[in-house]
Amino acid sequence: MEAYGLHIHHAEAGSSQHGMETLEPFIQTWLYFGLLSEFLCVNLSGFKEGTPSVNEKEFRAIVDLIYEATLIQDGNRKYVNLSSDSLNSFLQSTRQRLPKETEIMRKFYQHLNHCLSCTSSMLAALPAGFNHAVKCSIAALAELLMNTVNTAFRLIGLKPDFGRFWGKGFLDNEAKNLMKSHGWCISDITRLEAKYKSIQSLYAARMMDKSLPRRNHDNCTKFSCNFFQINKGAFRLQHQEDTCPCNPLEVDCEALASILSKDDVFPVLNFTGDLYNLKADIVESTPEIPFVAISHVWADGLGNPNSNSLFRCKLHHLTKLVAAIGTQDILHKQNIPYIWLDTLCCPAQDGDGKQQAIEKIRLVYQQAKHVLVLDAGLMSYSASDQEEFEQLVRIFTSGWMRRLWTLQEGALSKSLYFQFADRAVPIAELMNTIFKKCNQMRYKAIFMDLSNEYHGLTSFFHPSPDLADTNEIATLDRSLQFRNVSVPADEPLCIGTLMDLNLNEILNVKEKNGRMQKVWQLIAAKKGGFPMQVIFFQEPRIDVPGWRWAPKSLLAWDGGSHELMNTRFLKWSEKNLGKVTDQGLRVQYPGYRIKVAPETGDRKPQLLPGFPRRPEFNLCVQDINTGEWYHIYDKSYASLNQTWTEEERKSHNELGLFPLHDIAETSDSGLLLNSLNNKIPRVHEALFGTILAPQSPDSPEEGLTVRRGRVVVVSLVRPQVTYVYNTLRRLALDVRTSDLAEKHRAIYERLARERDGSPDLLEAAIANSEELGTSVKQIEKEMQRMVEMVAATDDQFVTAVEESGEVHLNSVWLWIYEFVAHDYVGEKLAEEQVWFVD
Ligand SMILES: [Zn+2]
Ligand SMILES: [Zn+2]
């Protein structure tokens, strides 16, 4: 298979999109051929004083060379056809022409890096209707060239720039629909887009057929595959072939339990006999007994949630597969190696035996000579029909990668085999082969993605030395994403194994939330604290006092955006650790304490009843010392708001939710600014929550206790808007103390008295009262008059409104009411403010 993006229709062939006819060929010529010629060093002049520039003749020769090698005329259509070989020879010729001085090389490759950076920005800015194939071909070429630059960077001792992901948006709807019709689960596609950055890997996946075996993905969502979830009640044992008449083989649970009750040993199976009289003897493990442990997807037919039994035909087939691995280290006299299979070796019924078996799983997979992975999706395709990288892409996009238990099984193993239709393949060997092929450009692009997946699997127990300082929790989080488990309470157990925690302590807690709490506790104890930035996670938390900062699960994540997963990774890597206390997680962050503005302390109700309340978009807060204004946006709302249709937005607004205002209305709230990884100082990620009274009035408070509310973004308001806000706020105070407002409140109080405390009746009365309606109109008129007055005398206000670009002078009076009803001020706290987040 050739690298993607080197063979495309030349855009001159025309595009159906209106208005793109001239843009596409221009962009293609400029970016695709432009990039190529930059890499062929037509712009070598200027890198060194006195270096002769490429002269006219040489320049023409280079351009001719490019066109000759890439453009193919077919009737009146043109194709771009650039083979990997030609591309390689282009780059070869560049290297020959390039002066050997390091300084010039450094300048040259930095220039190329700059060209790639511009290409990346250009591609991101292309209009929506732009020809997808042309866009992707440019991105694919840039990706291949980027790897060349990165290699060159390394050779001349510069840090490579891996920052750009060319694959973003490569899978358009057409490609995704095609993949679905080839058996891909929609959630597998989401995972692919989230985890694979390279066009070459996404292309390999796009071309991959997954229609075997037939699996029903109709009930799957974008983020979770439901095919593999085991429903204990509806479970039925399967034969190898539907017509098989064999009887199930059941192992003796008592015998299992008696071995499991001893320290550091577990049962393994010694199979004898042929299909219909297959026997399994239970043997006590010793470090000397070689055995193969099976790692499988239960839904594929080797699981049984109800008893320790399987049909003999299934097991007979299994023994053959294991024997076929055929390495010397597992052979013994019967030629069927000893096997460990959870379905037969872990007691199916709850009890001490099962608990002990779970505690020993780590030992089992560590001691196994080999771990053999059985996934029907892999076993339907022959390894010999696929290139090594295809085998790897198939493995990493398999159902096995989507289950939680299989992660630790693979992670613990010393030697991991994947069963294909024709043979079992050791993954370490596959990775090695691809690594050796990395001198070819396209493999280099794919290798990054594949090695990320591989390290996500192996780094827990077999870390590679160059990744030694990667944060363990971050790796755990990344490896858990998109995995699922049938029994939620199993998640803490798997985390416990992967993080090397005391499993017994976790198992002794029976309920899921309690177990997660235990896991966080053990991790904090082991690490000496917990990464502070966990408080900025948007995912659901444990709802127990003192623990409301802690994620409920790592499997569930806010599916709003892929970027979120990368920011999570950064957050876990935080070096500053918080302390787990009874009051919540003790952290230190700069921030604000926010109150209702003191001018409103006149006890007059702030809201003027009967005024329509606008849906919550953000919150405005003024810094009481500097006079600067800040906007607070709810992060989840902001990302949802971007994707909502008009209809969805309307139905959200009808719910009448005001989460930010509700927190601010308590008149004592805290804003914790995430000061780390903050590239734009005007914008901060923050946590916004209510401040709680000190738990005990006697003990001196070390810090503020804040009830975790919403994750928000805080941004400094621009100077023009500040002037507008200051003016409107002054007007709002005038409105609030005006006779009209006084009269308005009197009407409301009379209505309230007449309805005698019934909120429903009062609400209806407010909505229907003509008198109140007239009063609202009068106050609105007054607000308009006020703005007109200001506009007539204050030129700065008029200019500021125009320059704000956010509101028209005719409608700016509507904002006054916002300040009548909601007027908040914030006081900046110390840089190292101590908070207890709960
Ligand atoms: Zn699915
Ligand atoms: Zn059978």
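Residues numbered from 1 in each chain as written. Chains lettered and ligands numbered in written order. Predicted model: local features only at pLDDT ≥ 70, side-chain atom pairs only at ≥ 80, totals over all residues. Heavy atoms only, no water.

We now examine the packing of aromatic side chains. For any pair of aromatic rings, geometry is given as the distance between the ring centres together with the angle between the planes. Applying the stated criterion to the full structure yields 27 aromatic pairs. Their ring planes at 70° and their centres at 5.7 Å tell us that Phe389 and Tyr443 sit as a pair that is edge-to-face. Here Tyr443 lies in helix α17 (residues 441–458) and Phe389 lies in helix α14 (residues 388–396), a separation of 54 residues in the sequence. Geometrically, the ring pair formed by Phe537 and Trp572 is edge-to-face, given 4.9 Å between the ring centres and 70° between the ring planes. With Phe537 in the loop between β13 (530–531) and α22 (563–572) and Trp572 in helix α22, the pair connects residues that are 35 residues apart, well separated along the chain. Classification of Phe537 as buried rests on a relative accessible area of 2%. Through pairs of rings, three or more aromatic residues link up here, namely Trp520, Phe530, Phe537, Trp547, Trp549 and Trp572. Above the face of the Phe569 ring, Arg478 is positioned so that its terminal group lies 3.7 Å from the ring centre. Sitting over the ring of Phe658, Arg613 keeps its end group 3.6 Å from the ring centre. (Phe/Tyr/Trp six-rings, centres within 6.5 Å; stacked < 30°, edge-to-face > 60°. Helix = DSSP H or I, 4+ residues; strand = E, 2+ residues; numbered from the N terminus. Buried < 20%, exposed > 50% of the residue type's maximum accessible area, 1.4 Å probe, protein only. Lys NZ or Arg CZ within 6 Å of the ring centre and 35° of its normal.)

Quick look at the UniProt feature "coiled-coil region" (unreviewed entry) in the protein now. Using the residue numbers shown here, the UniProt feature "coiled-coil region" (unreviewed entry) corresponds to residues 762–796. Taken end to end, residues 762–796 is 94% helix and 0% strand, and its two terminal C-alpha atoms sit 43 Å from one another. (UniProt positions renumbered as here; feature names shortened; annotations may be inferred.)

Our next topic: the environment of Ala424. Position of Ala424 among the secondary structure elements: in strand β12 (residues 424–426). Take Ala424: its relative accessible area is 18%, and that puts it in the buried class. Filtering out sequence-adjacent residues up to four positions away, Ala424 remains in contact with Ile325, Leu372, Tyr417, Phe418 and Gln419. (Contact = heavy atoms within 4.5 Å.)

Note that Leu412 resides in helix α15 (residues 405–412). According to the relative accessible area criterion, Leu412 is buried, its value standing at 1%. On a C-alpha basis, the gap between Leu412 and Ser464 in space is 14 Å, while along the polypeptide they are 52 residues apart. Once residues within four sequence positions are removed from consideration, Leu412 is found in contact with Ile361, Arg362, Tyr365, Gln366, Phe461, His462 and Thr497.

Another point: the packing of α14 against helix α16 (residues 427–436). It is at 9 Å that the axes of α14 and α16 come closest, and there the two elements cross at 130°. One way to sum up the angle between α14 and α16 is to call them oblique. The hand of the α14/α16 crossing is left-handed. Residues Glu388, Phe389, Gln391, Leu392, Ile395 and Phe396 of α14 touch α16, and the partners they reach there are Ile427, Leu430, Met431, Thr433 and Ile434. Taken together, the residues of the contact of α14 with α16 break down into 8 nonpolar, 2 polar and 1 charged. (Axes fitted to C-alpha atoms, helices over the stretch in contact; angles between N-to-C directions. Parallel < 35°, antiparallel > 145°, perpendicular 65-115°, else oblique. Left-handed = near helix turned anticlockwise from the far one by under 90°. Nonpolar A, V, L, I, M, F, W, Y, C, P; charged D, E, K, R; others polar.)

Residues of strand β11 (residues 416–419) alternate between two faces, with Leu416 and Phe418 on one and Tyr417 and Gln419 on the opposite face, all of them buried. Bridge count for strand β10 (residues 370–374) against β11 is 3 bridges, and the pairing is parallel. The partner of Val371 across the bridge, within β11, is Leu416. Between the end of β11 and the start of β12, which pair antiparallel, lie 4 residues. (Pairing = 2+ DSSP bridges.)

Once that is clear, we can look at the coordination of the zinc ion (ligand 2). At the metal site, the zinc ion (ligand 2) is ligated by His239 (ND1), Cys244 (SG), Cys246 (SG) and Cys313 (SG), and these contacts range over 2.1 to 2.3 Å. Between the 4 donor atoms coordinating the zinc ion (ligand 2), the angles at the centre fall across 104 to 114°, so the site counts as tetrahedral. When the donors of the zinc ion (ligand 2) are listed by position in the chain, the intervening gaps give H-x4-C-x1-C-x66-C. On the criterion of sequence distance, the pair formed by Cys244 in the loop between α8 (199–206) and β4 (248–250) and Cys313 in helix α10 (residues 312–325) is long-range, its members being 69 residues apart. The residues Cys244 and Cys313 share a single accessibility class, namely buried. (Donors = N, O, S within 2.8 Å, 3.2 Å for Na, K, Ca; no water. Tetrahedral: all angles 85-135°; square planar, octahedral: opposite > 155°, others 65-115°.)

All right, on to the coordination of the zinc ion (ligand 1) then. Distances from the zinc ion (ligand 1) to its protein donors, Cys185 (SG), His217 (ND1), Cys220 (SG) and Cys225 (SG), fall within 2.1 to 2.3 Å. Here the zinc ion (ligand 1) is ringed by 4 donor atoms whose angles at the metal span 107 to 114°, and the overall shape comes out tetrahedral. Read from N- to C-terminus, the donor residues coordinating the zinc ion (ligand 1) fall into the pattern C-x31-H-x2-C-x4-C. Cys220 matches His217 in its accessibility class, with the two residues each being buried.

Counting 189 residues, the largest nonpolar core has Trp340, Trp520 and Ile535 as the members making the most contacts within it. Trp340 has contacts with Phe266, Pro267, Val268, Phe291, Val292, Ala293, Ile294, Cys345, Cys346, Ile361, Val364 and Tyr365, leaving out every residue within four places of it along the chain. Core analysis: the second largest hydrophobic core is formed by 31 residues, Val724, Val776, Met783 and Phe819 among them. (Core = buried A, V, L, I, M, F, W, Y, C linked by side-chain atoms within 4.5 Å.)

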